[in-house]
Structure formats: C-alpha cells, structure tokens
Protein chains: 2
Amino acid sequence: MRAAAARLSGVVRATPVLTSRTLDERVGGSVFLKAECFQRTGSFKLRGAFHAVASLRPEIRAGGVIAFSSGNHAQGLARAAQLHGVGATIVMPTDAPAVKRAAAEGYGAVIVDYDRYTEDREEVGRRVLAERGGTLIPPFDHADVIAGQGTVALELIEEVGPLDVLVVCVGGGGLISGCATAAKATGDVTVIGVEPSTGDDARRSLEEGRIVTIDTPETIADGQQTTSIGALTFAVMRERVDEIVVVTDEEIRTTMRFLFERLNVVVEPSGASALAAVMAGRVDVAGRRIGVTLSGGNVGLDQFFEILGGAP
Amino acid sequence: MRAAAARLSGVVRATPVLTSRTLDERVGGSVFLKAECFQRTGSFKLRGAFHAVASLRPEIRAGGVIAFSSGNHAQGLARAAQLHGVGATIVMPTDAPAVKRAAAEGYGAVIVDYDRYTEDREEVGRRVLAERGGTLIPPFDHADVIAGQGTVALELIEEVGPLDVLVVCVGGGGLISGCATAAKATGDVTVIGVEPSTGDDARRSLEEGRIVTIDTPETIADGQQTTSIGALTFAVMRERVDEIVVVTDEEIRTTMRFLFERLNVVVEPSGASALAAVMAGRVDVAGRRIGVTLSGGNVGLDQFFEILGGAP
C-alpha cells in the first residue's frame, strides 16, 4: 500500500479532509470527511486506475488499456492512460451520464457504446478486445486497483491520526477492501461499508458467506449499481469489514443537500452514501472519531437539480 | 498581519487551495483558488471579525459587539463573539437571505430587524446602541478587520509560493486592502480588484481620486452591494491596488456553474466574481501564476437553483 502511495505521489491529489462543527454536533462524534470529490477526475477511481496502469509491464502497457465503465472508473482510467501516453478504450452503455462520458473523452479515451438493454456486454467486450487489443483493467476486482484505492484511508489516517470507525461506500468493494486493509494495519478500527438499500448484495454476501448476485438495483447512487462484488474483494471484505449497512435514496438526498448547504461541497449520490449512513444513525459514532469517504463528485448541475427535486 | 495570523491560528481554518488543469488550460495560466467558502461560518469574514473582537480590551469586549450586516459579516461576528463568550447584536434588513439569518442566530446572535425601504438604518442603529450598548464592529473600514482579512493572502502565498497576480473581490474593500498589503510585502505582485459591473464604485473612486457613493446596485452578488468603500480602505487601495475590473451577473453565473461542475465547489455569487474576471479575460494571466479568492459559499440550495436559472 505504501508502494502504491509512493507511485501515486505527484499524480493524485492529497485531497483535503473536511470537518464541520454542525455535523459533529448533529451526530455526536468527530467526523473527518475525506473529500475525494476534489480528486483529479472527480473521484477516488483515479488512484486505483493509475496504480494498475503504472504496474503493467511497459511492453504490455504500450498496447493500451480497456475498461467497461459507465462512470468514474472510465474517467480515472482514461486519465491514467493519458498520463502514461497510452491509449484507452472505454466500453460504456448509451445511457451513461453525459458529464461522465464527456470527461472520459476529454482525457482522450475512445468510447465504444453499447445498448445495455439489447446488447450483450460480454459479447461487445470480446469484439472490442479482438478489434482493438489492449489490457482490460477492471474497476475493482484487481489487486493493484485495490492497493491504489486504499491510499484514500492511508492518507486520511496519516493526516488526522487514529480513527475509531471508518465508513466507506461499497459498489464492487474495491475502495473498502483497500481502505480496510490500510486502516486495520494502523490499529483497532471498525470498518463499516454502506450500500443503497435496494442493492445490498455485499451485505448479503458477507452474511451468507458466498457472493450474492442481484439485478441492477434502482437507486440514485449510480456508482453503486453493481450487481455483485468480486472474488478478490469478497475475500478481503470477509476478513476486514466489520459490517455493511444500507441507506435509502432519500437519506442520500438529505445528505447531498446538507453537504451543499453547510459544507459547500458537491458530491454525487454514491459519494454521499457513507455520510448518509452516519447522519441516519446507522453507525454507532457517539463520542468517537469517524473517518468517512466522500468518494466522488461527478454530477452535472442539471442532474443535481433533478435528483434533489428540481427548483421552482 | 503576522500578529493577526497568530491570533487567528486554531480559530480560523487554513482553507485548502484548489487547482484545476481544466481551468489552467482554459485561461492559459496557473490559477490557485483560495477556497474561503470552506472557512468556518462560510466566508473570509470570520477572520476580520474574530481579529477585531480579539483586539478589543477585555472590559470593552465584555459589553458585547454589534454589526449592521445582512450577510457574511453577521455570521463572522456572531461566531467571533460566541467564541469569546460575549453577546452579539446584528442589525439586519428584513429581506436578508434566510440562510444567512439562520446561521447568525445559530451562533447565538440577537437579530434586530429593520425594513430597508421604510426605516432609516442610522436611526435604527442609534436606537439599538442606546438600548443594548456594545461596540460596533464595522464590516470593512477598520484596521483590525483589514488585518484579519489579509491573512487570506498571507496563507495563500505561504502555501503556494510567490504569485504574479492576485485577484480579489471588492465590496467595501476590506479583503483586498488586507490582501494587497500582505501580498505586496512578499514581492512584486499585481493586485486586481473585481466588482459587479452595476456597482463599480471602487473602480470609479480610484479613478477619480475620491470616494464615490452610488445607489445600491442591482446584482446577484449580494456581498458586493456596498454603496461606497471606506475612508481607510480607500487610502489603502489607492496605494496598493493596481486596477479594478468589473464582471456581469451572467459571467458570475457561468463561473458558479463551472465551479460546481468541474471543481465540485459551491460558491455564492460574490465568491465567484474574482474568478469570473479571470475566466472572462479581464485580467492578463497568460503564463502567469494567479491567486484568486473564492471568498464565500453562503448560498442556500433553492437560492442557488434560482440564481442559475432553475432546473427543467
């Protein structure tokens, strides 16, 4: 993890840690918000993507990289490839948020569209690999990606000191796997994952002791619409994550509004879910020091308006 | 100024400096955004208010403090008084933004309302002073306020190193007076002030060599609706500010949207005006290192929606 941190130094931003007296009074503990919404490319995903690309052998890397992603991993990988001077191909569903698509293109990636309702993603993937070549960099189930993403917790704890609790959003489980590994190496800290209530596959997976696969959940948290965690993230989470809790879309909205109005920070829905769990009382934080990830901020203004119910 | 910085240490937050590759490419220079929107109370005003309250003799301070303010100075002074354990009375027009009123009350201030269209502000002030006593802390035309506000530039330059240009929003001129003093002490830096185009009293004052008073300007930048700069700020600005430029409300809106979408930062209109001048090409920044204040972020979500034209 420290090797990953060294590799990322100068590339990723050491994002600020935000605190709020109002927030602390409301939840009854000391909350440290790791604001990855201020990360380059707008989310923590750059950390994992850059580390994975940097870890490829040069002759392999030269062949370019590929991702299936409608979201922040697409931007992170596109930028990571650009920084290494190699090509990136992003396979993206046609209904991906415009702001995320435009950003990946802005980093020089080639976008390959597919219709997620009529086309088979695997088949599209095979075709792209055959036509364009390159190395597939998965968004979470990959040791180098996890190690890069774990630097979020490493940085947070190095800046603010030991934590009692670390609360992290869960999609495929890459961020929490890396963060739990980093945090537990520093001492006795309870690691809590947060999923949308409609998509609690990680919670059920840990409860049932096997990887549970669900249908694409309906939630505003588009970064957490994964249908299952990975084999590797499952193994790490089983060992190092203490509990998974869930939040509703309405709790996420309330938290987005709070972050906007009281902290002047724009987060996307998935980026607010970890704090939503704390604010909704899902995590025992009384009198404790709590680290919380604000994992990303890639949401357009119009989309933000729409999510929060629009304006008069 | 360094004495002010020492006094503020541990009270005000050393706010983060934000940078953006996209922004730098767009304007052709290196921009360092001093994000005072993340300051406690939501703006730089806490710095001046706290320093002024701290500088009062204890027996005077114990009598409480008073401000006329519809905005961020109200919050800053209310919090500064609360931190010193003394009372604050804020005289506020009835049409002040709800979010700013609620915040001042949240810091324990007593709010005295007046109708700015039917009541005489001076008379209301005399009545409040007679009834409640206390020391009036003006929002800008006061040496201790200016010194406290100048720590914004001091911190910025200490963090990022020498600047070629410093761009600062101008209301009554307190922030720019303090910042120009701090910046010019560090070396050769061009200091540019920014006003809304409808309220260019500072620009005209510097041009005409006398304090020009205007009617309350119509602008979305409610923190810059001052009708004249002060005697002290005029004297400092004459000596240390190189130029004042203006921006339109539409340029401010565009900048607020850019900050929201690309930097995930919420700023109020006045907080965006300095950057608006840079993005609109009013400041010669090509190849230079430019410090820019994002002076505050006190804007409610509904107000933000309304300012930016609402959602579909």
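Residues numbered from 1 in each chain as written. Chains lettered and ligands numbered in written order. Predicted model: local features only at pLDDT ≥ 70, side-chain atom pairs only at ≥ 80, totals over all residues. Heavy atoms only, no water.

Participant: Run through the overall build of chain A, naming residues and quoting values.
Facilitator: Tallying secondary structure elements over chain A gives 15 helices and ten strands in all. In summary, chain A has a C-alpha radius of gyration of 18 Å against a globular reference of 20 Å for 312 residues, a match within 12%. At a minimum sequence separation of 6, the contacts of chain A that also span at least 24 residues come to 70%. Accessible area for chain A stands at about 11,600 Å²; split by element, carbon and sulfur atoms hold 46% of it. Of the charged side chains in chain A, 31 are positive and 39 negative, and the gap between their average positions amounts to 5 Å. (Helix = DSSP H or I, 4+ residues; strand = E, 2+ residues; numbered from the N terminus. Rg over C-alpha atoms; globule rule 2.2 N^0.38 Å. Contact = heavy atoms within 4.5 Å. Areas by Shrake-Rupley, 256 points an atom, 1.4 Å probe, with all protein chains shown as cover. Lys, Arg positive; Asp, Glu negative; His and termini not counted. Charge placed at Lys NZ, Arg CZ, Asp CG, Glu CD.)

Participant: Describe the pattern of salt bridges, and please don't skip the residues or the numbers.
Facilitator: Between side chains of opposite charge, a pair can form when the charged atoms approach closely. Under the criterion given, the structure shown has 37 salt bridges over all chains. Taking the shortest distance from any N to any O, the salt bridge between aspartate 302 of chain A and arginine 257 of chain B comes out at 3.7 Å. A residue pair is termed interchain when its members come from two chains, as with aspartate 302 of chain A in helix α15 (residues 301-307) and arginine 257 of chain B in helix α12 (residues 249-263). On the basis of relative accessible area, arginine 257 of chain B is assigned to the partly exposed category, the value being 29%. (Salt bridge = Lys/Arg side-chain N within 4 Å of Asp/Glu carboxyl O. Buried < 20%, exposed > 50% of the residue type's maximum accessible area, 1.4 Å probe, protein only.)

Participant: Describe the sheet that holds strand β4 (residues 88-93) of chain A, naming the residues involved and giving the relevant values.
Facilitator: Residue and element names in this part refer to chain A. The sheet built from four strands is open, its strands ordered β5-β4-β3-β6 with parallel pairing. At either end of the open sheet lies a strand with only one pairing partner, and these are β5 (110-114) and β6 (135-136). Most of the contacts of helix α5 (residues 72-84) go to β4, to which it runs at about 170°, and overall it touches β3 (65-68) and β4. (Pairing = 2+ DSSP bridges. Axes fitted to C-alpha atoms, helices over the stretch in contact; angles between N-to-C directions.)

Participant: Tell me about the relation of the copies chain B and chain A, and name the residues and values.
Facilitator: Note on the identical chains: chain B maps onto chain A by a rotation of 180° and an axial translation of 0.0 Å, with an RMSD of 0.0 Å. On this basis, the relationship between the two copies can be described by a two-fold rotation axis. Considering only C-alpha atoms, the residue of chain B closest to the rotation axis is valine 265 of chain B, which sits at 2.6 Å. The overlap is high: 100% of the interface residues of chain B also sit at the interface in chain A, so the same surface is used on both sides. (Least-squares fit on C-alpha atoms with pLDDT ≥ 70 in both.)

Participant: Any chance you could break down a negative patch on the surface for me, citing the residues and the numbers?
Facilitator: Judged by side-chain charge, Glu119, Asp120, Glu122 and Glu123 of chain A come together as a negatively charged surface patch. Along the chain, aspartate 120 of chain A falls in the loop between β5 and α7 (121-132). (Patch = residues over 30% accessible without salt bridge, like charges linked within 9 Å, V, L, I, M, F, W, Y side chains within 5 Å.)

Participant: Just give me the short version of the packing of helix α10 (residues 201-208) of chain B against helix α11 (residues 231-240) of chain B, but keep the residues and values in it.
Facilitator: The angle between the axes and the distance between the axes are what describe a pair of packed helices. Residues and elements named next belong to chain B. Closest axis-to-axis distance for the α10/α11 pair is 10 Å, and the angle between their directions is 65°. Between α10 and α11, the angle is such that the two are roughly perpendicular. Pair α10 / α11 crosses with right-handed handedness. From α10, Ala202, Ser205 and Leu206 reach across to α11, where they touch Phe234, Met237 and Arg238. Per-class residue counts for the contact of α10 with α11 are four nonpolar, one polar and one charged. (Parallel < 35°, antiparallel > 145°, perpendicular 65-115°, else oblique. Left-handed = near helix turned anticlockwise from the far one by under 90°. Nonpolar A, V, L, I, M, F, W, Y, C, P; charged D, E, K, R; others polar.)

Participant: Give me the packing of aromatic side chains: which residues, what numbers.
Facilitator: A full pass over the atoms with the stated rule returns seven aromatic pairs over all chains. Aromatic side chains phenylalanine 304 of chain A and phenylalanine 260 of chain B sit 5.0 Å apart centroid to centroid with 80° between the ring planes, which places their arrangement in the edge-to-face category. Remark: phenylalanine 260 of chain B occurs in helix α12 and phenylalanine 304 of chain A occurs in helix α15; the pair is interchain, linking two chains. Neither phenylalanine 304 of chain A nor phenylalanine 260 of chain B differs from the other in exposure class; each is buried. (Phe/Tyr/Trp six-rings, centres within 6.5 Å; stacked < 30°, edge-to-face > 60°.)

Participant: For the nonpolar core, give the residues involved together with the corresponding values.
Facilitator: The biggest cluster of nonpolar side chains holds 84 residues, and the ones touching the most others in it are Leu33 and Phe304 of chain A together with Leu33 and Phe304 of chain B. Beyond its immediate stretch of four places on either side in the chain, leucine 33 of chain A contacts Pro16, Val17, Leu18, Leu23, Leu259, Leu263, Leu275, Val292 and Leu294 of chain A. (Core = buried A, V, L, I, M, F, W, Y, C linked by side-chain atoms within 4.5 Å.)

Participant: Summarise helix α9 (residues 174-186) of chain B; cite the residues concerned and give the values.
Facilitator: Residues and elements named next belong to chain B. With 13 residues, α9 ought to run about 18 Å at 1.5 Å a step, and its terminal C-alpha atoms sit 19 Å apart, in line with that. Taken as a whole, α9 has its buried residues at Gly174, Leu175, Ile176, Ser177, Gly178, Cys179, Ala180, Ala182 and Ala183. The inward-facing, buried residues of α9 abut α8 (143-160), β7 (165-169), β8 (190-196), α11 and β10 (289-294). Looking one or two residues past α9, glycine 187 carries a phi angle of roughly 155°, positive in sign. (Expected span 1.5 Å × (residues − 1).)

Participant: So what's going on with the pairing of strand β9 (residues 243-247) of chain A? Which residues, and what values?
Facilitator: All names here are of chain A. The buried count for β9 comes to four of five residues, which makes it a mostly enclosed element. Summarising the sheet, strand β8 (residues 190-196) and β9 pair through five bridges and their orientation is parallel. Along β9, the bridge assignment pairs proline 196 with valine 247.

Participant: Describe the interface of chain B and chain A, naming the residues involved and giving the relevant values.
Facilitator: In this assembly, 27 residues from chain B lie in contact with 27 residues from chain A. Summed over both sides, the interface of chain B with chain A buries roughly 2,700 Å², with 57% coming from carbon and sulfur. Its largest share of buried area at the contact with chain A, chain B owes to Asn264, Leu301 and Phe305 of chain B, together 26% of the area lost on that side. Linking chain B with chain A are two salt bridges. Applying the counting criterion to the chain B and chain A interface returns ten residue pairs in polar contact (both at pLDDT 80 or more). Only α5 (72-84), α12 and α14 (301-307) of chain B provide two or more residues apiece to the side of chain B that touches chain A. (Buried area = accessible area lost by both parts, 1.4 Å probe. Polar contact = N/O pair within 3.5 Å; in protein donor to acceptor, adjacent residues only side chain to side chain.)

Participant: Provide a residue-level description of the packing of helix α3 (residues 45-55) of chain B against α5 of chain B, including the pertinent values.
Facilitator: All names here are of chain B. Axis separation between α3 and α5 bottoms out at 8 Å; the angle between their running directions is 40°. The orientation of α3 with respect to α5, classified from their angle, is oblique. Relative to α5, α3 is oriented so that their crossing is right-handed. Every residue of α5 that contacts α3 at Lys45, Leu46, Ala49, Phe50, Val53 and Ala54 is listed here: Asn72, His73, Gly76, Leu77, Arg79, Ala80, Leu83 and His84. Among the residues making up the contact of α3 with α5, the classes are represented as eight nonpolar, four polar and two charged.

Participant: Before we move on, could you go through the environment of threonine 89 of chain A and cite the residues and values that matter?
Facilitator: Residues and elements named next belong to chain A. On the secondary structure map, threonine 89 appears in strand β4. Once the C-alpha coordinates of threonine 89 and valine 110 are considered, the two residues, 21 residues apart in sequence, prove to be 4.8 Å apart. Apart from the residues within four sequence positions on either side, threonine 89 is in contact with Val65, Ile66, Ala67, Val110, Val112, Val128 and Arg132. Of the polar contacts made by the side chain of threonine 89, one reaches the side chain of arginine 132; its length is 2.8 Å.

Participant: Can you explain the sheet that holds strand β2 (residues 30-35) of chain A? Please cite residues and give values.
Facilitator: All names here are of chain A. With mixed pairing, six strands are arranged side by side in an open sheet as β1-β2-β10-β7-β8-β9. Each edge of the open sheet carries a strand with a single partner, namely β1 (17-18) and β9. Where strand β7 (residues 165-169) lies against strand β10 (residues 289-294), three bridges are found, and the strand directions are parallel. By the bridge assignment, leucine 166 is partnered in β10 with glycine 291.

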